[in-house]
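Notes for the structure review
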Amino acid sequence: ACTGIENIDEAITLLEQNNWDLVAAINGVIPQENGILQSEYGGETLHGPAYGPTTHSTAASSTSSSSSAFRHVVPSRQIVERQPRMLDFRVEYRDRNVDVVLEDSSTVGDIKHILENELQIPASKMLLKGWKTGDVDDSTVLKTLHLPKNNSLYVLTPDLPPPSSSHSGALQESLNQNVMLIVTHREVQREYNLNFSGSSTIQEVKRNVYDLTSIPVRHQLWEGWPPSATDDSMTLAVSGLTFPCHRLTVGRRSSPVQTREQSEEQCTDVHMVSDSDGDDFEDATEFGVDDGEMFGVASSALRKSPMMPENAENEGDALLQFTAEFSSRYGDCHPVYFIGSLEAAFQEAFYGKARDRKLLAIYLHHDESVLTNVFCSQMLCAESIVSYLSQNFITWAWDMTKEANRARFLTMCTRHFGSVVAQTIRTQKTDQFPLFLIIMGKRSSNEVLNVIQGNTTVDELMMRLMAAMEIFSAQQQEDIKDEDEREARENVKREQDEAYRISLEADRAKREAHEREMAEQFRLEQIRKEQEEEREAIRLSLEQSLPPEPKEESTESVSKLRIRTPSGEFFERRFLASSKLQVVFDFVASKGYPWEEYKLLGTFPRRDVTQLDPNKSLLEVKLYPQETLFLEAKE
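Residues numbered from 1 in each chain as written. Predicted model: local features only at pLDDT ≥ 70, side-chain atom pairs only at ≥ 80, totals over all residues. Heavy atoms only, no water.

Structurally, the position occupied by Lys-112 is in helix α3 (residues 108-119). Residue classification places Lys-112 among the buried residues on the basis of a relative accessible area of 9%. When neighbours within four sequence positions are excluded, Lys-112 is seen to be in contact with Ala-123, Met-126, Leu-128 and Asp-138. (Helix = DSSP H or I, 4+ residues; strand = E, 2+ residues; numbered from the N terminus. Buried < 20%, exposed > 50% of the residue type's maximum accessible area, 1.4 Å probe, protein only. Contact = heavy atoms within 4.5 Å.)

Printed below as a string of structure tokens:
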């Protein structure tokens, strides 16, 4: 409420730095010149910030006391009616991001002053960009910009030289590089080999160590960190560690000597926490009681993590913990355990192509067996065994220490291998563990080729693995041959089917083309018939409309016309000399030669009669008393 710090890890770190003195921790965070906070108990004055890169301002929204141990005391003239609006800014500069939280009554210059402290760049050299309303100056009040709650800005420094490329390249290389931390647990004299990337933070390392040693981060006492590693949020790449390997020592911070008054207060706290969540009881060492000594048991025995959680819902999650715990106990040189269910391991090993299939090795672990540590460290982690397993086997593991996990595996074993194999494993005594089962997949079932007990040697283990591999190789060659023959038959059938499909497609295309051609011919024939019928109807109409042919002995002037067709035929007819030229055109059209398609030519002199006026008489166009004409198709 006073500092605006919501990250619990950051708050605990600040309290540890001030020896768990709450007032001193708040005084160390809040600058003295920005606001006043007063303790209700001791009367000490605490000052609240107006703004800062990681803290929120505490506004004078109320003068009433709250349930917090501190309240905001403001002179009466400074009381305002509304809570100041806080604005969040994420400012990007080269490869850095700075989070700034300000009241909306602050100015742009206030942001630059905060960035000046964070980036070590003079405010006068900064160009703050990214405003939605365009460029602003340092005196602009944020409230006038009507900004949203969250904003993104970036800083340009055109007057400053760019950083050294060699330095940034080295930093990037360190971030991408892995470092092995050899952490020695001082109380139990045990080493852990932990691999981290250079981009991991010191805080992540401490949390991982808490998972291994059960020492809370705030109770860890470290030796071996470089002097430059002063902030838990710092990445390992810039902390000054020795790459690629660095040694550290961790122990539990001893509890300070308590006064009678402090003891009474802590006793009260115990009763207060007893009704809360179990996670809060992690602080038992603050009351002078060690985690393991509360029940009279050695702490090292309690801190031994099981290889696999009991009653795990997901087999993949159980295998993840198994792999992590196995690595922490026996190092990183160990078989690559398949992460997933036993059914998924079967699919991976047995149900691919014959050339890709492998044997399945099932490692059954038991923490209470005297052979386990020797078998794991001397045989299972031997480089020759690890290499041979990775090349030829899919390795799956299970922890038989807990009764629930044992029963669960026996159920899986009965389902996949039958009751005989399950009974064989059920009758194995604890000291005969660990067991190594070699499974080969067959067409109809899965066969257990070998059950290797823990009392063996590296050479004997390798020989039994190689013997199983010989059996598997012979079976695999048969499977490859059968698969090749089956694929050849399928390829022939596929080629035949494809050829048949192509033939059908060709026949269908030919049939469709023929059908289209016939349809087109039928359509053209219909058009032709319709045109012929239309022409015939016009011809008959013209023929009926012609005046009767005058007789030779007619007393009227008669013109005799002889007309030659393009085919060489002749037809003759008599017309009255007073008839119009159109009558001649109609007569020619009635014979199948419409004047729109043919022209009628005279001989001497050669002339195009169809160009003459059709309303003139034959006498006027000089087609009297007789004339020979011939028809010619127009172009």
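Picking up where we left off.
The next subject is unusual backbone geometry. With an omega of 0°, the peptide bond between Phe-433 and Pro-434 qualifies as cis. With respect to the helices and strands, the residue Pro-434 is situated in the loop between α13 (419-426) and β15 (435-441). A cis amide bond links Tyr-624 with the next residue in sequence, Pro-625, at an omega value of 5°. Along the chain, Pro-625 turns up in the loop between β20 (607-608) and β21 (626-633). The residue Trp-20 is not glycine, and still its phi comes out positive at about 60°. Judged by relative accessible area, Trp-20 falls into the partly exposed class, the value being 41%. The backbone phi angle of Ser-214 is positive, close to 65°, even though this residue is not glycine.

Before going further, it helps to examine the sheet that holds strand β16 (residues 446-452). Pairing in this open sheet of four strands is mixed, and the strands run β14-β13-β15-β16 from one edge to the other. Across the chains shown, the open sheet's two edge strands, defined by having one partner strand only, are β14 (393-399) and β16. On average, each strand axis in the sheet is inclined to that of its neighbour by 25°, with strand direction left out of account. One ladder, built from six bridges, connects β15 with β16; its direction is antiparallel. Each bridged residue has a counterpart across the sheet, and for Ile-439 the counterpart in β16 is Val-448. In the packing of helix α12 (residues 403-417) onto the sheet, the strands contacted are β13 (359-365), β14, β15 and β16, and the crossing angle to β14 comes to about 140°. (Pairing = 2+ DSSP bridges. Axes fitted to C-alpha atoms, helices over the stretch in contact; angles between N-to-C directions.)

Across the sheet, which stays open at both edges, the four strands sit in the order β10-β9-β12-β11 with mixed pairing between neighbours. In this open sheet, the two edge strands, each paired with only one partner strand, are β10 (190-197) and β11 (220-223). On average, each strand axis in the sheet is inclined to that of its neighbour by 30°, with strand direction left out of account. Sheet analysis places strand β9 (residues 178-185) next to strand β12 (residues 245-252), joined by six bridges and oriented parallel. Residue pairing across strands places Met-180 opposite Cys-245, the latter belonging to β12. Sheet strands in contact with helix α5 (residues 202-213) are β9, β10, β11 and β12, and its direction is about 145° off that of β10.

Let us look at the state of the cysteines. Per the counting criterion, the structure on display carries zero disulfides. Left without a disulfide partner, Cys-376 is nearest to the cysteine sulfur of Cys-381, which lies 6.5 Å away. On the basis of relative accessibility, which here comes to 0%, the residue Cys-376 falls in the buried class. (Disulfide = S-S within 2.5 Å.)

In this section: helix α8 (residues 315-330). Taking 1.5 Å per residue, 16 residues should reach 22 Å; α8 reaches 22 Å between its end C-alpha atoms and fits that length. Of the positions making up α8, those classed as buried are Glu-315, Gly-316, Ala-318, Leu-319, Phe-322, Thr-323, Glu-325, Phe-326, Ser-327, Ser-328, Arg-329 and Tyr-330. One side-chain oxygen of the residue at the start of α8 lies 2.6 Å from the amide nitrogen of Gly-316, identifying that residue as Asn-314. Downstream of α8 by one or two residues, Gly-331 has phi in the positive range, about 95°. (Expected span 1.5 Å × (residues − 1). Polar contact = N/O pair within 3.5 Å; in protein donor to acceptor, adjacent residues only side chain to side chain.)

Moving on, we get to the side chain of Arg-573. Tracing the backbone through its elements, the reader meets Arg-573 in strand β18 (residues 570-576). Despite its burial, Arg-573 pairs with no opposite charge, the nearest such side chain being Glu-549 at 4.6 Å. Engagement of the side chain of Arg-573 in a polar contact is seen with the backbone oxygen of Pro-547, the distance being 2.7 Å. (Lys, Arg positive; Asp, Glu negative; His and termini not counted. Salt bridge = Lys/Arg side-chain N within 4 Å of Asp/Glu carboxyl O.)

Here we take up the confidence of the model for the chain. For the chain, the average pLDDT comes to 79, and 81% of its residues sit at 70 or higher. Confidence over residues 32-81 falls short of pLDDT 50; this stretch has 104 contacts with residues more than four positions distant or in other chains. Confidence over residues 256-303 falls short of pLDDT 50; this stretch has 46 contacts with residues more than four positions distant or in other chains. (pLDDT = per-residue confidence, 0-100.)

All right, on to helix α11 (residues 383-392) then. Buried within α11 are the following residues: Ile-385, Val-386, Tyr-388, Leu-389 and Asn-392. Of the surrounding secondary structure, the elements contacted by the buried residues of α11 are β13, α10 (372-380), β14, β15 and α14 (458-545).

Moving on, we come to the pairing of β14. In terms of residue burial, β14 counts as a mostly covered element, since seven of its seven residues are buried. Both faces of β14 are covered, namely the face carrying Phe-393, Thr-395, Ala-397 and Asp-399 and the face carrying Ile-394, Trp-396 and Trp-398. Strand direction decides the pairing type here: β13 and β14, joined by seven bridges, are parallel. If you follow Leu-360 over to β14, its bridge partner there is Ile-394.

Opposite charge on two side chains permits them to pair, given that their charged atoms come into close proximity. One pass over the full model with this rule turns up 29 salt bridges. Glu-520 is the salt-bridge partner of Arg-523, the closest N and O atoms lying 2.5 Å from each other. Of the two residues, Arg-523 and Glu-520 are both situated in helix α14; the distance of three residues between them amounts to about one turn of the helix. A single network of salt bridges, built from pairs that share partners, joins Glu-325, Arg-329 and Asp-367.

Here we take up the packing of aromatic side chains. Under the definition given, this model contains 19 aromatic pairs. Considering the side-chain rings of Phe-575 and Phe-587, the 5.7 Å spacing of their centres and the 80° angle between planes classify their relative orientation as edge-to-face. Here Phe-575 is found in strand β18, whereas its partner Phe-587 is found in helix α15 (residues 581-590), with 12 residues between them in sequence. According to the relative accessible area criterion, Phe-575 is buried, its value standing at 1%. The buried category is assigned to Phe-587, whose relative accessible area is 6%. Chaining the aromatic ring pairs together yields one cluster made of Phe-322, Phe-326, Tyr-330, Tyr-337, Tyr-363, Phe-375 and Phe-436. Above the ring of Phe-570, the side-chain terminus of Arg-562 is found at 3.9 Å from the ring centroid. (Phe/Tyr/Trp six-rings, centres within 6.5 Å; stacked < 30°, edge-to-face > 60°. Lys NZ or Arg CZ within 6 Å of the ring centre and 35° of its normal.)

To continue, consider the nonpolar core. Counting 58 residues, the largest nonpolar core has Leu-360 and Trp-396 as its most contacted members. In terms of nonpolar packing, the next biggest core, distinct from the first, is built from 21 residues, Leu-102, Val-108, Ile-114 and Trp-131 among them. (Core = buried A, V, L, I, M, F, W, Y, C linked by side-chain atoms within 4.5 Å.)

Now for the environment of Arg-85. Examined against the element boundaries, Arg-85 turns out to sit in the loop between β4 (70-72) and β5 (86-93). In the structure, Arg-85 is positioned 58 residues away from Lys-143 in sequence and 8.9 Å away in space, judged by C-alpha atoms. Contacts of Arg-85, omitting those with residues within four sequence positions, involve Leu-102, Glu-103, Asp-104, Leu-147, Pro-148 and Lys-149. At 2.8 Å, the side chain of Arg-85 and the backbone oxygen of Leu-147 are in polar contact.

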